[in-house]
Amino acid sequence: MLDKNDIGKVFEPITASVEKGRLSRFAKAIGEKNPIYLDDATAKSAGYDDLPVPPTFLFCLKMDVDNPFENYESLGVSLEKLLHANQSFEYFGTAVAGDILTFNSVVEDIYIKKGGALEFLIEKTNVINQRDEHIANLVTTLVIRN
Amino acid sequence: MITFDDINIGDCLPVLSTEKISRTTLALYAGASGDYNPIHIDIDFAKSAGMDDVFAHGMLSMAYLGRLLTHWVDQRSIQKIDVRFTAITPLFAQIICTGVVQKKQLIDEQEVIEVLVEAKDFNSGEIKISGIAIINLTENRNS
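**Let's talk about the overall build of chain A**
Of regular secondary structure, chain A possesses four helices and five strands. For chain A, the sequential pattern of α-helices and β-strands runs β-α-α-α-α-β-β-β-β. By principal-axis analysis of the C-alpha atoms, chain A measures approximately 55 × 30 × 25 Å. Burial analysis of chain A (146 residues in total) assigns 34% to the buried set.

**A closer look at the interface of chain B and chain A**
Counting residues at the interface gives 35 residues for chain B and 31 residues for chain A. At the level of elements, α1 (23-33), α3 (58-72) and β2 (78-85) of chain B are the ones that each hand at least two residues to the side of chain B that touches chain A. Of all the elements, α3(B) adds the most residues to the side of chain B that touches chain A, at 11 residues. The residue inventory of the side of chain B that touches chain A, partitioned by class, reads 15 nonpolar, 13 polar and seven charged. Where strand β2 (residues 82-91) of chain A lies against β2(B), five bridges are found, and the strand directions are antiparallel. Bridge assignment links A:E90 to a residue of β2(B), and that residue is B:K80.

**Side note on the environment of B:T25**
Residue and element names in this part refer to chain B. Mapped onto the elements of the fold, T25 is located in helix α1. Note on T25: 20 C-beta atoms within 10 Å, which makes it buried. Separated by 67 residues in sequence, T25 and F92 have C-alpha atoms that sit 9.8 Å apart.

**Let's talk about the sheet that holds strand β5 (residues 127-136) of chain B**
If you trace the 10 strands from one edge of the open sheet to the other, you get β1(A)-β3(A)-β4(A)-β5(A)-β2(A)-β2(B)-β5(B)-β4(B)-β3(B)-β1(B), paired in antiparallel fashion. Among the strands making up the open sheet, the edge pair consists of β1 (14-17) of chain A together with β1 (16-17) of chain B. Taken together, the 12 bridges between strand β3 (residues 95-107) of chain B and strand β4 (residues 110-121) of chain B define a ladder with antiparallel strand orientation. Among the inter-strand pairings, B:K103 is bridged to a residue of β4(B), identified as B:E114.

**Description of the nonpolar core**
A:L23, A:F26, A:L58, B:Y64, B:L65, B:L68 and B:C97 are the most contacted members of the largest nonpolar core, which totals 61 residues. Per-element tally for this core: the top contributor is α3(B), with nine residues. With residues near it in sequence (within four places) discarded, B:C97 still touches B:V15, B:L16, B:Y64, B:L65, B:L68, B:V117 and B:A119. Membership of the second largest hydrophobic core comes to seven residues, among which are A:L2, A:Y72, A:V107 and A:I110.

**A short note on the pairing of strand β4 (residues 118-128) of chain A**
All names here are of chain A. Of the two faces of β4, the one lined by E119, L121, E123, T125 and V127 is fully buried and the one lined by L118, F120, I122, K124, N126 and I128 carries no buried residue. Pairing geometry for strand β3 (residues 100-113) and β4, over 11 bridges, is antiparallel. Note on β4: the bridge partner recorded for V107 is E123. Hairpin geometry of β3 and β4 is characterised by an intervening segment of four residues between the two adjacent antiparallel strands and by a positive phi of about 50 degrees at K114. Pairing of β4 with strand β5 (residues 134-145) involves 11 bridges; the strand directions are antiparallel. Its bridge partner lying in β5, E123 is registered against T140.

**Observations concerning unusual backbone geometry**
Positioned with a positive phi, A:D132 is a non-glycine residue whose angle comes to about 65 degrees. Counting through the fold element by element, A:D132 comes out in the loop between β4 and β5. Given 7 C-beta atoms within a 10 Å radius, A:D132 is considered exposed. A positive phi angle, close to 65 degrees, is found at B:E109, a residue other than glycine. Relative to the assigned elements, B:E109 resides in the loop between β3 and β4.

How each quantity is defined
Counting restarts for each chain: residues are numbered from 1 in the order of the written sequence. Here the convention is simple: chains get letters from A, ligands get numbers from 1, in the order in which they are written. Thresholds applied to this predicted model are a pLDDT of at least 70 for local features of residues and 80 or more for the giving and counting of side-chain atom pairs; totals over whole chains, interfaces and linings are not thresholded and use all residues. For the purposes of this entry, the term helix denotes a DSSP run of H or I that reaches at least four residues, the term strand denotes a run of E that reaches at least two, and both are numbered from the N terminus. Remark: C-beta atoms are placed from the backbone, and a residue is labelled buried if 20 or more other C-beta atoms sit within 10 Å of its own, exposed if 12 or fewer do, or partly exposed between those counts. Contacts are defined on C-beta atoms placed from the backbone: any two residues whose C-beta positions lie within 7 Å are in contact. Under the grouping applied here, Gly and all other residues not named as nonpolar or charged are polar, the nonpolar ones being Ala, Val, Leu, Ile, Met, Phe, Trp, Tyr, Cys and Pro and the charged ones Asp, Glu, Lys and Arg. A pair of strands counts as paired when DSSP detects no fewer than two bridges linking them. Think of a nonpolar core as buried Ala, Val, Leu, Ile, Met, Phe, Trp, Tyr and Cys residues, each tied to the set through C-beta atoms within 7 Å.

Structure (structure tokens):
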């Protein structure tokens, strides 16, 4: 069971560097063929400093730790019951290969539905780059099916 | 590249259809994304969680929605993507992504477009992901 007392809990910041190899593996995995995401020269001629991080890859970089589910497990969530319910990204800038991003996450809300059969956990994350520029905000809603 | 004047309410984005999702797709996505949740790659774990088999990462289909958008506009004009995962995507599903322009507004001299985005099962039409994308076509909004 989740505990409403964990609302406001701040997780350890996660720092991830944007590696070119990861970007090209991600492009392959999602079937991306647009050369802006694959070829340095094309990205640069489009005005990027390097290969851009595609829109949803920020979510993946946030998982760049030994156990990306540790934070949720520490709140009493078990993976068997976990589903992703909602996801939002709000962008203020674009990250590129070579950037070092820091993810600061906090438990925004916890609530119950259907008399406890469903528990909801909302996590809000802001993403900052190595120049302290605000790149994005992520909001993740997870549902735990009891 | 498409401009604000080119866009009208009701316009459809070019549809993106993907290959069938195989176990290899999920293994590649797990490796590339870092999302090793065994529910997506380990049939034994999936069964112990009461599922018949592994199922696709919701974020894989959301990545397809990202491709739908970046195929249509420059990534730097995407201001927000906000979606709900409405159904699990099983193995061997084929996903198609669609977008329809719902709003076109000048807000504080910002050229803003709102698009309804959906990822659906190609065969059944069942909606897997539904949400909105806010596109800001004002030139140089980030600089």
